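Reading the structure
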Amino acid sequence: MTGAVWIDGALRPLQDAAVSVADRGLTLGEGLFETMRWEAGAIRRFPAHWARLSAAAAALGLPLDAAPGAIHAAAQALVADHGLERAALRLTLTGGQGPRGLAPPAHRRTHLLLAAAPLAPQGPVRLASVGIRRNPGAPTALFKTLSYLDQVAALAEARAAGGDEALMLNPAGRAASAAAATLIVITAAGDALTPSVAEGALPGVTRGALLAAGLVREALVTARDLADAVAIGLSNALTGVRPALSLDGRALATDHPTLTALIAAELSSA
């Protein structure tokens, strides 16, 4: 069954993997997802991914009727089916089928999907500042929702400006995040600073591990801090920590000791 997808507890061929056209994930963008890394026979940092998904689902009133063990078993079956040793996994929780309008049905039946793909190598990126702002109080900033239009548009704007990834600010003009990664700004003193969730950062799993290890600290990252940064790292679950080559055309150090230490620590941590 090469190319299978796991849906609601069963592996299905890709051509049979579907949800209703009335699913609220499709019609309203109501739902959540996790992107996770499979390597060494396991989902890396799976407990943290599952905790984030569970907390977000509870906050948004989305039933999550699955056991963590079932997800790990499904991932193992998928990577075997695809013939992969290292993989990018996407776990998607949709809002389920519903009537027209915004109000959810009285009795929800959400859908849970898991897909696997080869883990593509990722190198350094050119960052470009964009005009699209992160709203720190919005559910789309607080949770990893299916409503990703802001990030899609931000990346398109960055690419039009010659960048590979977008640097997004919050309404106060301070750094919030990249389109698909957490920002880590390295100062001239060697400090590693990352915006807080209150500033618009997504509570990323890799970000959380780096914070817990004391390798980065939360701070207000101003326009002056960005202009003075000697290096910038970007972190997410699939790529770990990778360096930025430049910000708006200004070259950044990709071999700064603080940044290289972060890259090494993330690779070796559990």
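Reading guide: rules and limits
- Sequence positions are assigned chain by chain, starting from 1 and proceeding in written order.
- This being a predicted model, a pLDDT of at least 70 is required before a residue's local features are given, and a value of 80 or more before pairs of side-chain atoms are given or counted; all residues contribute to the totals for chains, interfaces and linings.
- With hydrogens and water stripped out, all remaining heavy atoms of the structure feed into the side-chain values.
- Only Phe, Tyr and Trp rings take part, Trp by its six-membered ring, and two of them pair if their centres are within 6.5 Å. Stacked means planes under 30 degrees apart, edge-to-face means over 60, and tilted covers everything else.
- Numbered from the N terminus, helices here are DSSP runs of H or I no shorter than four residues, and strands are runs of E no shorter than two.
- Residue exposure (1.4 Å probe, protein chains only): buried if accessible area is under 20% of the type maximum, exposed if over 50%, otherwise partly exposed.
- Counting as a charge over the ring demands two things of the Lys NZ or Arg CZ atom: a distance within 6 Å of the ring centre and an angle within 35 degrees of the ring normal.
- Here, a strand pair is defined by DSSP locating no fewer than two bridges between the strands.

**What about the packing of aromatic side chains?**
Applying the stated criterion to the full structure yields two aromatic pairs. Look at Phe 46 and Trp 50: their rings are 6.0 Å apart centre to centre, the planes differ by 40°, and that puts the pair in the tilted class. A residue pair is termed a helical-turn pair when its members lie 3 or 4 positions apart in one helix, as Phe 46 and Trp 50 do in helix 2 (residues 46-60) at four residues. Residues Phe 46 and Trp 50 agree in their burial class; the two are buried. Between Arg 90 and the ring centre of Phe 33, over which it is positioned, the NZ or CZ distance is 4.0 Å.

**Brief notes about the pairing of strand 7 (residues 125-129)**
As paired strands, strand 7 and strand 14 (residues 240-247) are joined by three bridges and run parallel to one another. When the sheet's bridge partners are listed, Leu 127 is paired in strand 14 with Leu 247. Pairing analysis gives three bridges linking strand 7 to strand 8 (residues 165-169), with the strands arranged parallel. Counted as the bridge partner of Ser 129 is Leu 167 from strand 8.

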